[in-house]
Amino acid sequence: MEDMHVADRGIELDDFARAVSEGLSREQKELPCRFLYDARGSDLFEDITVLDEYYPTRTEAAILEQCSPEIVADTPAGAMLVEFGSGSSVKTEILLAALDKLGVYVAIDVSQSALDDASARIGKRFPGSRIETLVADFAEPMQLPGREDASAILGFFPGSTIGNLTREEAVKLLRHFGQVLGSGARFVVGVDLKKDLSRLLPAYDDAKGVTAAFNKNILSRINRELGADFDVGAFDHEARWNDDKGRVEMHLVSRHSQTVHVRGEAFSFQSGESIHTENSHKYGVEEFQSLAQKAGWERSKVWTDRDVLFSVHELVYRG
Ligand SMILES: C[S@@+](CC[C@H](N)C(=O)[O-])C[C@H]1O[C@@H](n2cnc3c(N)ncnc32)[C@H](O)[C@@H]1O
């Protein structure tokens, strides 16, 4: 049946409906951020990555350009590169260009369209390379295709996607990645760092309104896929710093009191009430290393840019 699945992403529609119903029933209304990434959301995220205000992508890419020879020096021929939340895989190309005789690249994302675009582009640039794509929630148990043939495993988790999780959830997810990748696996993780709010907040609330469009797209998606009646124009995008939790939060703030219907359920909003849609936790370098250690990962190397805006960590799983 056509409407049993979210056509673009391979995620069960019922899972989406359940998450929306549960999230909008909470005292602080919230929606899981993975639902921001339908085809339109993935495209908007790519637009965000090239904005002047959005320092993380270009800073992380520059660090990767510099440290990739070191990262690949310990990677034998026939190794498997596994990327969680690969999106456009643009940063992966930096590693792929430096990696000699990679066995297979496994890209995992919830967005089918992002995986299709990325594998087509990478296949063209690196003809003959073996690429496997997995449409999956990376937090769920998974089997890596061709794992038994790999000479070594190198995990890759750029984009500070780890920052979308609370610190407690991040430990759990890192432990899960360790179990998926296996003992002795190496892991390269991009982590955004704490910094001045005058630099941080505009990265989540740009002058052109691209981040606002990215955030509001989740309401359009709920309307389209779940037949809801959100008046998208009646919500404002807001980026807030939560000092207690060390994170930037994205919210959608109701402009006035209103009632929204999703699959027959009514959700009322007071004027100024918000839906919390995303967290981006910020770390200190050592703070992240000790968090990774709690999950069984030993620190190996770390690289930052000159202004210490962003960090790239290399870890080894000893769990
Ligand atoms: C912040 S973007 C980073 C994209 C890319 N890695 C980069 O560095 O530019 C997060 C990516 O993770 C994916 N993603 C988010 N939550 C996910 C989940 N639970 N399982 C799999 N992919 C997820 C999104 O679809 C998106 O492509």
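Whatever comes next refers back to the structure up there.
Quick caveat: nothing in here was measured; it's all calculated off a predicted structure. (Residues numbered from 1 in each chain as written. Predicted model: local features only at pLDDT ≥ 70, side-chain atom pairs only at ≥ 80, totals over all residues. Heavy atoms only, no water.)

(A) Fine view of the sheet that holds strand S2 (residues 80-84). If you trace the 7 strands from one edge of the open sheet to the other, you get S4-S3-S2-S5-S6-S13-S12, paired in mixed fashion. With partners counted over all chains shown, the strands left at the sheet margins are strand S4 (131-135) and strand S12 (297-304), one partner each. Direction aside, the axes of adjacent strands within the sheet are offset by 20° on average. Together, strand S3 (104-109) and S4 form the strand contacts of helix H5 (residues 112-125), whose direction differs from that of S4 by roughly 175°. (Pairing = 2+ DSSP bridges. Helix = DSSP H or I, 4+ residues; strand = E, 2+ residues; numbered from the N terminus. Axes fitted to C-alpha atoms, helices over the stretch in contact; angles between N-to-C directions. Contact = heavy atoms within 4.5 Å.)

(B) Up close: the packing of aromatic side chains. Applying the stated criterion across every chain yields a total of 20 aromatic pairs. Considering the side-chain rings of phenylalanine 84 and phenylalanine 177, the 3.8 Å spacing of their centres and the 15° angle between planes classify their relative orientation as stacked. Highlighted residues: phenylalanine 84 in strand S2 and phenylalanine 177 in helix H6 (residues 167-181), separated in sequence by 93 residues. Of the two residues, phenylalanine 84 and phenylalanine 177, both sit in the buried class. Through a chain of ring-to-ring contacts, three or more aromatic side chains come together here, namely Phe84, Phe138, Phe157, Phe177, Phe187, Trp297 and Tyr317. The ring of phenylalanine 269 carries the charged tip of lysine 29 above its face, separated from the ring centre by 4.8 Å. Looking at arginine 167, its charged tip hangs above the ring of tyrosine 283, at a distance of 4.6 Å from the centre. (Phe/Tyr/Trp six-rings, centres within 6.5 Å; stacked < 30°, edge-to-face > 60°. Buried < 20%, exposed > 50% of the residue type's maximum accessible area, 1.4 Å probe, protein only. Lys NZ or Arg CZ within 6 Å of the ring centre and 35° of its normal.)

(C) Highlighting the sheet that holds strand S8 (residues 247-254). Read from one edge of the open sheet, 4 strands run S1-S11-S8-S7, paired in mixed fashion. Lying at the two open borders of the sheet, with one neighbouring strand each, are strand S1 (29-30) and strand S7 (235-242). Sheet analysis places S7 next to S8, joined by 8 bridges and oriented antiparallel. The partner of tryptophan 241 across the bridge, within S8, is valine 248. Across the sheet, helix H8 (residues 210-226) is in contact with S7, S8 and strand S11 (274-281); its angle to S8 comes to roughly 60°.

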